[in-house]
Amino acid sequence: MEGFTETQVLIIGAGTTGTAIARELSKYKVDAILLEKREDAGMGETKASHGFIYSGGLTAAGSLVMKSVMLPGGQTAFNPRSRKTQMEHESIKEFPSLAKELEVELTRDRRLMLARDEDDLKMLKVAERICEAMGTKITWLDREGILELEPHVTKNIIAGIADEGYQLSVYSWDWAIALAENAQRNGVKLMLLTEVIGIKPLDGGFLVYTNRGPIRTEYIINAGGPYADKVAQMAGVCDFGLTCTRSQMLILDNRVSLLNQSVSLAPKPGKVRTLRRTISGNIQTICSEYYPVSDPEDTTTLLKWTDESIAGAQEMIPPISKKDIITSYVGVRVFNTRDPEEDILEVSKGNPRFLNAAIRLPGVSVTPAAARHIVDLLGNQGLEMVTKSDFDPRRKRIPKVSELPDEERKRLIAQDPRYGHIVCRCEEVSEGEIVEAIRRGARTVAGVKYRTRAGMGRCQRGFCGPRVLEILGRELDIPMTAVTQMGGLSRVLLHRSKELLESGGLT
Ligand SMILES: Cc1cc2nc3c(=O)[nH]c(=O)nc-3n(C[C@H](O)[C@H](O)[C@H](O)COP(=O)(O)OP(=O)(O)OC[C@H]3O[C@@H](n4cnc5c(N)ncnc54)[C@H](O)[C@@H]3O)c2cc1C
């Protein structure tokens, strides 16, 4: 067909699901395009994820109790034979080596669960039973044992349980960006700011309409996250529904040193109260309830949920204070209505060339196994899968000046003096890192922030914001007034003040 972009496989959505599938597919001699409507990979549900990678332990047990309100009868659903559980087991083993190949930061953490009264103790025993069923080991601690590990924890505790290292953590957006970069390196074409607006089934494939022109493809993989139902509807093959719940998180200044590991209160159905240290050392509160929401874009933060989160945090660590908050955000979790405990990873019943990859929480945790499953399904559906001999599994991360040993830092600055100019003082991000992020595809302030951490510190862009705008404008060769926060209409500067004054100011 003339005048169309053509490909064999079109992946819609560059969250952790779509990017993992793209990377898996890039091991084969297959033409593939990864389409994303936003300005960068990992900016949908993925961006708000806690990035816990787990397949057991207290993170999983707490999550099962908490989500039990979503199931008929309120039972805690743990099914060791479910595909989701199998994929979690399979995937967690792969994360350490994958993280090494892709140079993604990954940490291993202990989680403590605390009891303040007899009711809490009963819930710890429930968590213990779930852990036993999952084959993960926990240890009981008395009050002194807990205070030794966490000296600032509430004095009301009577006992606690701990697991050892069943919880890995990544920054989920980092994971998605790394997978996308490696997929690109191995031949997948990434098209950002490209939204699918219609799909027409054809003989042997589809014609996909986007805001940047049509694409002819033999197969579609629908990894549209909270929009996976809409994407399937466009192709006339939707046989599942999605529901969303939102919750608000807080990030505290990384100078607040009141916590050493992840700590939760005894789990309760529908209620979560967890504090954790992020990879960069900030305390994150995960203490807001899940509220149903119909619009996945409804991420407005509200003071009442900030108050709710701080109150929840203080139940565990009383000295935590509102003045420590540097930012807050809302995450929207997506569940399918067909089976709230499973993913929809299948060939559509309505069209054998349309594959759904609608993943539920924990979605980051299952990315390697889920991606392999989808690629296997593609092979079963008739796509010729010949492995590439030159697949390169490695990806180099952007050098982090603040973490380099002195000698390496000096060498880097000698090669490119821009690595010696610190732009973001809170997170110690250099101009060289920002320029490299732009070279790799960052087009917006948010793109730079998620790739480098510029603007993520205490001052929240107060100092580095204008400098980042300037560098984006210079490197992209666009006026600073055209730079956006996150694509679309989100311009940061509306006018140059001199031009505004000369034109008589705002009317
Ligand atoms: C607060 C919170 C905490 C979580 N914690 C964890 C955790 O600790 N561990 C864990 O494993 N999981 C966790 N999850 C779940 C995990 O984040 C998700 O399961 C996973 O990120 C889903 O990724 P995805 O790629 O399927 O969806 P998304 O990240 O939403 O990606 C879908 C992409 O498709 C794009 N898209 C949609 N429609 C179109 C279209 N028409 N055209 C082009 N592009 C389109 C979107 O822009 C989006 O980028 C958490 C989620 C939340 C919200």
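Whatever comes next refers back to the structure up there.
Being a predicted model, the structure only gives us computed values, none of them experimental.

Draft legend 1. The overall build of the chain, seen in detail. Counting its secondary structure elements, the chain contains 15 helices and 20 strands. Its C-alpha atoms give the chain a radius of gyration of 23 Å, within 12% of the compact-globule value 23 Å for 507 residues. Its C-alpha atoms give the chain principal-axis dimensions of roughly 70 × 60 × 55 Å. For the chain, the proportion of its 507 residues judged to be buried stands at 56%.

Draft legend 2. View of the site of the ligand. In the vicinity of the ligand lie 35 residues, with Thr17, Glu36, Thr46, Phe52 and Ser365 positioned nearest. Between the ligand and the protein, one listed contact pairs an oxygen atom with a side-chain N or O atom of serine 49 at 3.3 Å. At 3.2 Å from a nitrogen atom of the ligand is found a main-chain nitrogen or oxygen belonging to histidine 50. Burial of the ligand by the surrounding chains reaches 99%, relative to a free accessible area of 1000 Å². Secondary-structure elements contributing two or more residues to the shell around the ligand are helix H1 (16–25), helix H2 (45–48) and strand E16 (325–336). Tallied by class, the residues present in the shell around the ligand amount to 13 nonpolar, 15 polar and 7 charged.

Draft legend 3. Region of the structure containing the pairing of strand E18 (residues 354–358). Of all 5 residues that make up E18, 5 are buried, and the element is covered over most of its length. Residues of E18 alternate between two faces, with Phe354, Asn356 and Ala358 on one and Leu355 and Ala357 on the opposite face, all of them buried. Across 3 bridges, strand E10 (residues 215–222) lies against E18 in parallel orientation. Note on E18: the bridge partner recorded for asparagine 222 is asparagine 356. In the sheet, strand E17 (residues 344–347) pairs with E18 via 4 bridges, with the strands oriented antiparallel. Bridging across to E18, valine 347 finds its partner in leucine 355. Taken together, E17 and the strand that follows it, E18, pair antiparallel across an intervening segment of 6 residues.

Draft legend 4. Structural context of the nonpolar core. Judged by nonpolar contacts, the single largest core of 48 residues is most densely connected at Val9, Trp175 and Ile221. When contributions to this core are tallied by element, the ones reaching two or more residues are strand E1 (5–12), H1, strand E2 (32–35), helix H4 (83–102), helix H7 (172–185), E10, E18 and helix H10 (367–380). Of the residues forming this core, the biggest block, 7 residues, is contributed by H10. With 27 residues, the next largest nonpolar core counts Ala61, Leu64, Met123 and Ile130 among its residues.

What counts, and at which threshold
Along each chain, the written sequence defines residue order, and numbers are assigned to residues from 1. Local features are withheld for residues below a pLDDT of 70 in this predicted model, meaning they are given only at 70 or higher, and side-chain atom pairs are given and counted only at 80 or more; totals for whole chains, interfaces and linings count all residues. Excluding hydrogens and water, the side-chain values take into account all heavy atoms of the structure. Under the DSSP-based scheme used, a helix requires at least four consecutive residues in state H or I and a strand at least two consecutive residues in state E, with every element numbered from the N terminus. Our radius of gyration is a C-alpha quantity, and the globule rule it is checked against amounts to 2.2 Å times the number of residues to the power 0.38. Only protein chains enter the accessibility calculation, which uses a 1.4 Å probe. A residue is then buried if its area is under 20% of the maximum for its type, exposed if over 50%, and partly exposed in between. Any residue with a non-hydrogen atom lying within 4 Å of a molecule or strand is treated as near it. N or O atoms closer than or at 3.5 Å make up a polar contact, with two conditions inside protein: a donor-capable atom paired with an acceptor-capable one, and, for residues adjacent in sequence, both atoms drawn from side chains. A 1.4 Å probe and the Shrake-Rupley method give the accessible areas. Residues count as covered only by the protein chains that appear here. Just so you know the grouping, Ala, Val, Leu, Ile, Met, Phe, Trp, Tyr, Cys and Pro go in nonpolar, Asp, Glu, Lys and Arg go in charged, and all remaining residues, Gly too, go in polar. Here, any two strands with at least 2 DSSP bridges between them count as paired. Buried Ala, Val, Leu, Ile, Met, Phe, Trp, Tyr and Cys residues that are joined via side-chain atoms within 4.5 Å together make up what is termed a nonpolar core.

By themselves, these observations are geometric and do not establish any function.
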